[in-house]
Amino acid sequence: MSKSSNKQDAPGRLIGVGVGPGDPKNLTLRAIETLRTSDRVIAPCSAADLEGRAENIVRQVLPDIECHRIVFDMSQGETGVQARRRCAKEAAKDLLVMLREGLTLAFVTLGDPNVFSTFSLVAKEVADLAPEIDIRTVPGIMAFQEVASMSGLNLLDETEKLFLVTAFQGIDDVKESLQHDNAAVVIYKGGRQLAGVKEALHKAGRLEDAVVGELIGLKGERVMKLAELTDPSISYLATIISPPSRR
Ligand SMILES: C[S@@+](CC[C@H](N)C(=O)[O-])C[C@H]1O[C@@H](n2cnc3c(N)ncnc32)[C@H](O)[C@@H]1O
């Protein structure tokens, strides 16, 4: 019998569950408990017959779990952003059918569900269509925390600041944040802007201390000093960290 029986009167619950950047050992006990106790696990993917990264992480810990896949356009650039918004609208309608049956849905997402995540797009659409739905999140370890840990970086101390910027649509934010000597600058989505990011770090006198982590916890993982990386571009799943200048 489905776990959904007699739930029709209760409003459904949508939980964004962060599964960490890649290594299944970074799945928290709370995330595992939420996945085990939810009625359905929802996993974003690029095609219905392809397992997405978040689903793959979950499956390494909970091999028998069934995932309901939601197809998202993962292409890059402005058209990708528009397409993902359209996908989020479609996904929200799909999820609402289950939520209105009173089900609890665990939506898995890489890293943390409140930081640059597919979940927040979907959650917003669901909230707009059905404000009565209970929406929550379970935090996840973020890629930059794992990169800092793997490269032995003390990210912040005393009164230092943290900038988390993206280089998806250009590197203006990267350049601006690098002007703050007492700030650690974390750069997400910089794989295709690598040359520009490196040049900006060099001009700010910060290239030597910068590190990069690519495909953390996944096949092809690399963590190294950015200055030693010779590739012209790297994966979308790459995180660059410039620690504060502690002179
Ligand atoms: C859409 S954002 C997802 C962020 C995620 N929600 C988080 O909390 O870390 C994608 C960006 O996160 C970073 N990222 C996520 N997973 C990563 C991984 N396994 N290795 C390196 N960087 C990763 C990359 O900078 C990538 O471009």
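Residues numbered from 1 in each chain as written. Predicted model: local features only at pLDDT ≥ 70, side-chain atom pairs only at ≥ 80, totals over all residues. Heavy atoms only, no water.

Draft legend 1. Up close: the site of the ligand. Looking at the ligand, there are 18 residues lining it, with D112, V115, Y188, Y236 and A238 nearest. In the model, a nitrogen atom of the ligand is placed 2.9 Å from a nitrogen or oxygen of the L110 main chain. Within the complex, the protein chains bury 95% of what would otherwise be the 570 Å² of accessible surface of the ligand. A class-by-class count of the residues in the shell around the ligand yields 13 nonpolar, three polar and two charged. Each of two domains, domain 1 (13-138) and domain 2 (143-242), supplies a minimum of three residues to the shell around the ligand. (Near = heavy atom within 4 Å. Polar contact = N/O pair within 3.5 Å; in protein donor to acceptor, adjacent residues only side chain to side chain. Areas by Shrake-Rupley, 256 points an atom, 1.4 Å probe, with all protein chains shown as cover. Nonpolar A, V, L, I, M, F, W, Y, C, P; charged D, E, K, R; others polar. Domains from an automatic or database assignment.)

Draft legend 2. Representation of the environment of R85 in the model. Position of R85 relative to the elements: it lies in helix α3 (residues 77-99). Owing to a relative accessible area of 43%, R85 belongs among the partly exposed residues under this scheme. Once the C-alpha coordinates of R85 and S177 are considered, the two residues, 92 residues apart in sequence, prove to be 28 Å apart. (Helix = DSSP H or I, 4+ residues; strand = E, 2+ residues; numbered from the N terminus. Buried < 20%, exposed > 50% of the residue type's maximum accessible area, 1.4 Å probe, protein only.)

Draft legend 3. Local environment of the packing of aromatic side chains. Here the structure, examined in full by the defined rule, presents three aromatic pairs. With a centroid separation of 6.0 Å and an interplanar angle of 55 degrees, the aromatic rings of F116 and Y188 are classed as tilted. Remark: Y188 occurs in strand β7 (residues 183-188) and F116 occurs in the loop between β4 (104-109) and α4 (118-129); sequence separation between them is 72 residues. Judged by relative accessible area, F116 falls into the partly exposed class, the value being 45%. Seen from their ring centres, F168 and Y236 are 6.3 Å apart, and the 65 degrees between their planes marks the pair as edge-to-face. A residue pair is termed long-range when its members are at least 10 positions apart, and F168 in the loop between β6 (161-166) and α6 (172-178) and Y236 in the loop between β9 (222-225) and β10 (238-242) qualify at 68 residues. The partly exposed category is assigned to Y236, whose relative accessible area is 38%. The ring of F168 has K189 sitting right over it, with the charged end atom 5.3 Å from the ring centre. (Phe/Tyr/Trp six-rings, centres within 6.5 Å; stacked < 30°, edge-to-face > 60°. Lys NZ or Arg CZ within 6 Å of the ring centre and 35° of its normal.)

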